[in-house]
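Read off the chains here:
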Amino acid sequence: MSDIIVNKNLPIVSKRLDIKEAYKLETYLSTGGYEGLKKALQMNPEDVADEVMKASLLGRGGAGFPAGRKWSMLKPARVKYLVINGDESEPATFKDHDLIERDPHQIIEGVVVASYALGVNQAFIFCRGEFALGLERLQAALNEAYDYGAVGADIFGSGFSVDIVVHPGAGAYICGEETSLLQSLEGKRGYPRIKPPYFPAVMGLYNQPTVVNNIETVSNLPWIVLNGGDAFAAMGQDSSAGSRIFALSGQVKRPGNYEVEMGKVTFRNLIFDESYGGGILDDLALKAFIPGGVSAPWFGPEHLDLPLTQEAIANKGSMLGSGSVVVFNESTCPVKAAWRISKFFYRESCGQCTPCREGSGWIEKIMHRIETGNGRMEDIDLVLDVCDNIAPGLSWPPKQTTICVLGPSIPSSIVSAVNMFKQDFIDHIEKGKCTFDK
Amino acid sequence: MGHLSEEIINKANILLEIYPNKRSALIPLCHLAQGQDGYLTPEAIVEIADLVGVTPAEVRGTASFYDMFHLEPVGKHVVAMCTNIACMLRGADELLEHAQESLDVGIGGTTQDGQFTLEEAECLAGCNNAPCVQVNHRFFGPLDNEGFDRLVEDLRSGKLKDEVPEHGVLNRVDRNYGLKATPDQVQAERDVMESAKKERLAKKSEAN
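Residues numbered from 1 in each chain as written. Chains lettered and ligands numbered in written order. Predicted model: local features only at pLDDT ≥ 70, side-chain atom pairs only at ≥ 80, totals over all residues.

1. Overview of the overall build of chain B
Broken down by element type, chain B carries eight helices and four strands. Compactness check: chain B gives a C-alpha radius of gyration of 23 Å against a globular reference of 17 Å for 208 residues, more than 25% above the reference. Looking at the 208 residues of chain B, the share that counts as buried comes to 44%. (Helix = DSSP H or I, 4+ residues; strand = E, 2+ residues; numbered from the N terminus. Rg over C-alpha atoms; globule rule 2.2 N^0.38 Å. Buried ≥ 20, exposed ≤ 12 C-beta atoms within 10 Å, placed from the backbone.)

2. A look at the domain arrangement of chain A
The figure often quoted for interface size is the accessible area lost as the parts come together. Residues and elements named next belong to chain A. Domain boundaries assigned for chain A yield domain 1 (25-232), domain 2 (235-329) and domain 3 (334-431). Distance between the C-alpha centres of domain 1 and domain 2: 26 Å. Contacts between the two partners involve 18 residues from domain 1 and, on the opposite side, 19 residues from domain 2. Residues belonging to the side of domain 1 that touches domain 2 are distributed by class as follows: seven nonpolar, six polar and five charged. (Domains from an automatic or database assignment. Contact = placed C-beta atoms within 7 Å. Nonpolar A, V, L, I, M, F, W, Y, C, P; charged D, E, K, R; others polar.)

3. Things to note about the sheet that holds strand β1 (residues 81-86) of chain A
Strand pairing in a sheet is mediated by backbone hydrogen bonds. Such pairs are either parallel or antiparallel. All names here are of chain A. An order of β3-β2-β1-β4 is seen for the four strands of this open sheet, with the pairing classed as parallel. Where the open sheet ends on each side, the last strands, each with one partner, are β3 (163-168) and β4 (210-214). The average undirected angle you get between the axes of adjacent strands in this sheet is 20°. Both β1 and strand β2 (residues 122-127) contribute to a ladder of five bridges, which runs parallel. Counted as the bridge partner of Leu82 is Ala123 from β2. In this fold helix α8 (residues 178-185) packs onto β1, β2, β3 and β4, with an angle of close to 105° to the strand it touches most, β1. (Pairing = 2+ DSSP bridges. Axes fitted to C-alpha atoms, helices over the stretch in contact; angles between N-to-C directions.)

4. Some details on the packing of helix α2 (residues 35-42) of chain A against helix α6 (residues 104-118) of chain A
Residues and elements named next belong to chain A. At a minimum axis distance of 9 Å, the contact between α2 and α6 shows a crossing angle of 10°. Relative to α6, α2 is oriented roughly parallel. Facing Gly36, Leu37, Ala40 and Leu41 of α2, the residues of α6 in contact are Glu109, Val112, Val113 and Tyr116. Considering only residue class, the contact of α2 with α6 consists of six nonpolar, one polar and one charged. (Parallel < 35°, antiparallel > 145°, perpendicular 65-115°, else oblique.)

What follows is the structure, given as C-alpha cells:
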C-alpha cells in the first residue's frame, strides 16, 4: 500500500480531467474557471510575470527550462507572439492530448494570462493535427471564450486585447521542436532553424520575438495566479517545483496520466502503487523502464527508488523529459524495443543534417537485422560507432552535431540496450533469431 | 466555379485573414481540401496556391513533408495503427498482422472495395489505450483481434458514421470570425500600458 501523503492542493492541472463535459464553458465556470484571469487583469503585467518567476514553474515540454526565465528573455519589440506547443508527439506522451480534449478552457485562460504578462496581442495554439476531436473541442471552447469576453478585444473591460488562433499540425514529430513548429506555423516544411540566430525569443514567428510554451505549462498559470507563485514553489523538491503529470504506459496494469507532487513520489510508487500503475502487467518482474520519453536513456530496477525530480534523474544519467514513463516487463525483448525506437527516429528525421538523416536509417537497418537473427557479431560495435558519429562520446547529455536535438536523441535507447542487455544482443546473433519469440 | 466548394472558400477567407501572413493558412487549407476529396488533388493544390500566393509546387512540396496529407487517393476509412513502443508492448504488431489478414491488404494499401486504407502509424498519444488505432483520426482502443473486426464491421455498416466523419480533421472545426482586436485598438492599448508601466517604474525608483 501507498505511504505517500498526497498534497491537499493536488490535483492542480489535471483537476477537471475526470469531470464530465469540463470542456464546456458552463462546467468550466462552475469549477472556478477564468477566476485566475480576472485576478491577473487586476494586477500589473510585470507582477503577473513575477508570480510565474517565483513559482519556478519548469517548462513541461521536455527540456524543462524555467518558464519565468524564458519569458524574461523575450526581446522587447512592437510585435511579438506567444505560441503554445500542443504538437505532443514524443512516443508514450499523452498528457496534452487529455488536457486539450477535456479541459481546453484552462489552456485558453493560461494563454490569455501569459499574453497579458508578456504584452502579446496575438497568440497561436498549435494543436497536433491527429487530434481531430481535440481541434474541435479547442475551437469550440475558443468560440465560447470570445463570446464570454475572455478573449478578443478589451477583455473583461480591462483595456487589454489578445486574439487567439487555433492552428492544426499535419503529422510530423519534428514539429514539436520549437523552431520547426514555427516553420510549420508559417506554412512551410517543418525544418528546424539553426540557433543562433533563430532563438525564438529574438527571431521567432515571422522573425519577431516569440515565446513558445507547452500546453501543460500554460495550463498551470490560472492556479499560480490565483494562489500565488510562492504556494506553487512550496510544493515539490529542489528546483522541481509544484506538481506534474506523468504519463505511465507500457506493461503496467493501469496505464494513464497521474499528477503527482514533484519529488514526493518515486518510480516505484508510480509503477506499483494501487492509486497509480497498480503493478506490472501479468505480475511479471520489471525488466527496465524509460523515465522520460524515448529520447531518454533507460533505467533498470535499481533506479526504482529515485524521486521524480529533474535533478535526481539527471544525476543518474537520464532525463525527466516529457514526463512519460514506459515500463518493460521481463517478457520484453530489449533488442526489439531498441529497434522499434530507432525505426521511429528513422521515420521522423527531417533529413536536413547528414548525421541524423543517414545515421538514423543505418542504425535502424543494423538493429533490424540483429533482431531478426541476421546480425553479425561486429554489428554491436558498428551500431555504437554510428551512434558515436551522431552524438560524439555517447555521453549524457549528448553532444550535438545537428541543428536540432532529434539526432542526438537517437543513440540513447541503443546505448542503453547495449549497456544493460548486451548478452541478449549476443544471443540473438549466435542463435540467429529473436530469443524472446514464443 | 472552382474545384473547392463554396463552404471551403468561405472558411479559407477567414483563415487568410487571421494570420499575419497568408502563407500560414497553407496547412489548414490543405486539411480542408483533403476533407472534401479525401486526398490533395492537383486541382485543389493549384487553388490553394492561388489563395495563399505561392506556386503549386510550393504547396505540394510543403504538403509532402507531412504524414497526414495524402497525395494519392485513399479509402473511405484510413485506419492508422500505432506500433510505437507503448503500443508494441501491448501487442500492436500482432494486431497489425491480424488487420492485414482480415482486411486482405498490405500496409499502405487500400481494399478492393475502396473502404479501407491501412497505415502503420507512429505514436498517436493514445498510450493509455494501447494498442490504439485511429480511423480518420478518431481514436479507438485498446483493441484486440475481435475488437478490431467488430470495429471494421461497424464502419462497413455505417453504424459509426457520426463518430467517424469522412476525411478532414477541420470539417467540424468552426471559426466564422476574424480577428477582434483591431491594429488601432492594439496600438492605443499598448501606448496606455507602456506609459502606465513607465510611471510605475519611475515611482519605484523614486521610492528607492
